[in-house]
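Breakdown of the fold
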Amino acid sequence: MGSEVNCTVRFGKLSSKGKALLETAEILFRGEFRLKIPFASIKSATAVNGELSVQTTDGVAVFELGPLAEKWLHKILHPKSRLEKLGVKPGAAVSLVGAFDAEFLRELRAQTKTITEGEVTAGLDWIFLATESKEDLAQVAKLAKAMKGATALWIAYPKGQKHITENDVLAAGRKAGLKDVKVVGFSPTHTALKFVIPLNRR
């Protein structure tokens, strides 16, 4: 989803090697201890000599990232909006299939007026499919057939669930003849995978 790197992290008296992951709205670390630092909880952040220092309400976490420290700092201080990450430009033609949260609908309507819900029309730039179970993935094949040219399909699905996993979503898209090209954190509870028609079939 985001940028993942093996590094050492110091937090108070603790120090551990592990994996740090820069997500859409939080930093995660998994090592001998775990950290979850939402951007909203960060009081200040600096990058000096390859170390990213993040001041939170619980203390200071120092990530030894090397050259990535400055890049991570920029992303933390200037996070992209959800629609920027999804690639939806002003005026894009969008179709929504399934139930999306009110905040996403508000963001989308502020970006474009060309939105259809529950049906796929001609000339679309984006199709968004909301899924909560494997059964919802049955719609992927039908949506894939309706896609033309550079039309892209985003499939949003719950994070960290066993009843529908990333592998289930990937399998549904690939079975429908689509190619997965990107993954983003869609919301605190959902991830989204982007699928397109392979270039040799457009």
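Our structure is the block above this text.
Worth saying up front: this structure is predicted, and the values here are computed from it rather than measured.

Analysis parameters
- Residues numbered from 1 in each chain as written.
- Predicted model: local features only at pLDDT ≥ 70, side-chain atom pairs only at ≥ 80, totals over all residues.
- Heavy atoms only, no water.
- Salt bridge = Lys/Arg side-chain N within 4 Å of Asp/Glu carboxyl O.
- Helix = DSSP H or I, 4+ residues; strand = E, 2+ residues; numbered from the N terminus.
- Buried < 20%, exposed > 50% of the residue type's maximum accessible area, 1.4 Å probe, protein only.
- Core = buried A, V, L, I, M, F, W, Y, C linked by side-chain atoms within 4.5 Å.
- Contact = heavy atoms within 4.5 Å.

1. Observations concerning the pattern of salt bridges
Under the definition given, this model contains eight salt bridges. A salt bridge links aspartate 101 to arginine 82; the shortest N-O distance between them is 3.9 Å. Here arginine 82 lies in helix H2 (residues 82–86) and aspartate 101 lies in the loop between strand S8 (94–97) and helix H3 (102–111), a separation of 19 residues in the sequence. A residue is classified by how much of its surface remains accessible, and arginine 82, at 15% relative accessible area, is buried. Measuring nitrogen to oxygen at the nearest pair gives 3.0 Å for the salt bridge that ties arginine 82 to glutamate 107. Remark: glutamate 107 occurs in helix H3 and arginine 82 occurs in helix H2; sequence separation between them is 25 residues. Residues joined by salt bridges that share partners form a network here, namely Arg10, Glu51 and Glu64.

2. Points about the nonpolar core
Core analysis: the biggest nonpolar cluster contains 24 residues, and Ile27, Leu35, Leu52 and Phe63 have the highest contact counts within it. The residues touching phenylalanine 63, leaving out its near neighbours within four places in the chain, are Thr8, Val9, Ala20, Ile27, Phe29, Leu35, Ile37, Gly50, Glu51, Leu52 and Val54. Formed by 21 residues, the second largest nonpolar core is a distinct cluster that contains Ile127, Leu137, Ala144 and Ile197.

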